Amino acid sequence: MSATETQRERLVDDFATVLTDAEALLKASATETGEKARDLRSQVEAKLLSAKLRLQELQGQSVDKAKAAARATDDYVHDHPWQAIGIAAAVGMVAGLLINRRM
């Protein structure tokens, strides 16, 4: 499992935990008033902010990886233009055949 997949699964788990905690805190805050209700809301806000920051971090990493992949592709196409044209033509032909078969 790659580091990105591990981070994604951890983020999904964190969001599930945050949502469960937020739901529990909101149910508890429905019966509470005053200072305790404010404390519960603060806890929910803190958990949501934490999840948001983790999501932004993962987004930044994903953007960096996408840019690196685009640079590598661009470099390959510039270094091997005829191979790139051949690959693109083959992919286009296969896609055309598949689309034509389904109709």
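You'll find the structure just up there.
Residues numbered from 1 in each chain as written. Predicted model: local features only at pLDDT ≥ 70, side-chain atom pairs only at ≥ 80, totals over all residues. Heavy atoms only, no water.

(A) Structural context of the overall build of the chain. When its secondary structure is counted, the chain shows three helices and zero strands. Traced from its N-terminal end to its C-terminal end, the chain shows the element sequence α-α-α. Relative to its length of 103 residues, the chain is extended, with a C-alpha radius of gyration of 24 Å against a globular reference of 13 Å. For the C-alpha atoms alone, the extent of the chain along its principal axes is close to 70 × 35 × 25 Å. Across the 103 residues of the chain, 11% fall into the buried class. Here the chain has roughly 8,300 Å² of accessible surface; of this, 61% comes from carbon and sulfur atoms. (Helix = DSSP H or I, 4+ residues; strand = E, 2+ residues; numbered from the N terminus. Rg over C-alpha atoms; globule rule 2.2 N^0.38 Å. Buried < 20%, exposed > 50% of the residue type's maximum accessible area, 1.4 Å probe, protein only. Areas by Shrake-Rupley, 256 points an atom, 1.4 Å probe, with all protein chains shown as cover.)

(B) Main features of a nonpolar patch on the surface. A contiguous nonpolar patch, built from Tyr 76, Val 77, Ile 87 and Val 91 and spanning about 340 Å² of accessible area, is present on the exposed surface. Every element with two or more residues in the nonpolar patch is listed here: helix 2 (35–79) and helix 3 (81–102). Owing to a relative accessible area of 36%, Val 77 belongs among the partly exposed residues under this scheme. (Patch = residues over 30% accessible without salt bridge, like charges linked within 9 Å, V, L, I, M, F, W, Y side chains within 5 Å. Salt bridge = Lys/Arg side-chain N within 4 Å of Asp/Glu carboxyl O.)

(C) Representation of helix 2. Between its terminal C-alpha atoms helix 2 stretches 66 Å, which fits the 66 Å expected from 45 residues at 1.5 Å a residue. Of all the residues in helix 2, the buried ones are Ala 37, Leu 40, Val 44, Ala 51 and Leu 58. (Expected span 1.5 Å × (residues − 1).)

(D) How the structure looks around the environment of Glu 35. Position of Glu 35 relative to the elements: it lies in helix 2. It is 41 Å that separates the C-alpha atoms of Glu 35 and Ser 62, two residues lying 27 residues apart in sequence.

(E) Up close: the environment of Ala 72. Here Ala 72 shows up in helix 2. For the pair Ala 72 and Arg 41, spaced 31 residues apart in sequence, the C-alpha to C-alpha distance is 47 Å.

(F) Quick look at the packing of helix 2 against helix 3. Running from N to C, helix 2 and helix 3 point in directions that differ by 110°, and their axes come no closer than 5 Å. Taken as axis vectors, helix 2 and helix 3 run roughly perpendicular relative to one another. Together, Tyr 76, Val 77, His 78 and Asp 79 of helix 2 and Pro 81, Gln 83, Ala 84 and Ile 87 of helix 3 make up the contact between the two elements. Across the contact of helix 2 with helix 3, the residue classes tally to five nonpolar, two polar and one charged. (Axes fitted to C-alpha atoms, helices over the stretch in contact; angles between N-to-C directions. Parallel < 35°, antiparallel > 145°, perpendicular 65-115°, else oblique. Contact = heavy atoms within 4.5 Å. Nonpolar A, V, L, I, M, F, W, Y, C, P; charged D, E, K, R; others polar.)

Function cannot be inferred from these measures alone, as they are strictly geometric.
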